[in-house]
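Inside the fold
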Amino acid sequence: MNIIDIDYDKGIVKSDFYEWHIVCNDANKFLLLQRESSGRFHAAEADVKKKHIWEVKEITFRAPDGEIYTFEEDTGIIKL
């Protein structure tokens, strides 16, 4: 998916088809994103420079400050 717009103040990324919420921002280079649809959560990683989003089924994301995030469809992204 392509990134259409990023609003860092509101924590929202708009892609071709969806609106995503920013969970974690790695220096405006990479973003960890989440959206909810029909009671299920979806996760994605975004490369800001390439303006591209990859939706993922499994993720372990290490934030710049060392936090670790993981994802489950039922609960969404959680910080460990």
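Further up the page is the structure itself.
Let us look at the side chain of serine 15. Along the chain, serine 15 falls in strand S2 (residues 12-15). Those residues in contact with serine 15, other than ones at most four positions away along the chain, are Met1, Asn2, Ile3, Ile4, Trp20 and Ile53.

Here we come to the sheet that holds strand S7 (residues 60-62). If you trace the three strands from one edge of the open sheet to the other, you get S7-S8-S9, paired in antiparallel fashion. One side of each edge strand has no neighbouring strand; the edge strands of this open sheet are S7 and strand S9 (76-79). Sheet twist, expressed as the mean angle between neighbouring strand axes with direction ignored, is 25°. Bridge analysis of S7 against strand S8 (residues 68-72) gives three bridges, and the strand direction is antiparallel. Residue phenylalanine 61 lies in a different strand from S8, and its bridge partner there is tyrosine 69.

Grouped together as the largest cluster of nonpolar side chains are 11 residues: Cys24, Leu32, Phe41, Ala43, Val56, Ile59, Phe61, Ala63, Tyr69, Phe71 and Ile77. Those elements that place two or more of their residues in this core are strand S5 (40-47) and S8. The residues touching phenylalanine 61, leaving out its near neighbours within four places in the chain, are Cys24, Leu32, Glu45, Glu67, Ile68 and Tyr69. Listed in part, the 10 residues of the second largest apolar core include Ile3, Leu31, Leu33 and Ile53.

On to the environment of isoleucine 53, then. The residue isoleucine 53 is located in strand S6 (residues 52-56) in this model. A sequence separation of 52 residues divides isoleucine 53 from methionine 1, and the C-alpha atoms of the two residues are 5.1 Å apart. Every residue in contact with isoleucine 53, bar those within four places of it in the chain, is listed here: Met1, Ile3, Val13, Ser15, Trp20, Leu33, Ala44, Glu45 and Ala46.

Another aspect to go through is the pairing of strand S3 (residues 19-26). Look at any regular strand and the pattern is simple: side chains alternate between the two faces of the sheet. With three bridges connecting them, S2 and S3 associate as antiparallel partners. Within the sheet, the bridge partner assigned to isoleucine 12 lies in S3 and is histidine 21. Where S2 folds back on S3, the antiparallel hairpin that results is connected by three residues. Sheet analysis places S3 next to strand S4 (residues 30-37), joined by five bridges and oriented antiparallel. Across the sheet, the residue bridging to cysteine 24 is leucine 32, located in S4. Linking S3 back to S4 in an antiparallel pair, the connection comprises three residues, with alanine 27 at a positive phi of about 55°.

Basis of the calculations
- Residues numbered from 1 in each chain as written.
- Predicted model: local features only at pLDDT ≥ 70, side-chain atom pairs only at ≥ 80, totals over all residues.
- Heavy atoms only, no water.
- Helix = DSSP H or I, 4+ residues; strand = E, 2+ residues; numbered from the N terminus.
- Contact = heavy atoms within 4.5 Å.
- Pairing = 2+ DSSP bridges.
- Axes fitted to C-alpha atoms, helices over the stretch in contact; angles between N-to-C directions.
- Core = buried A, V, L, I, M, F, W, Y, C linked by side-chain atoms within 4.5 Å.
- Buried < 20%, exposed > 50% of the residue type's maximum accessible area, 1.4 Å probe, protein only.

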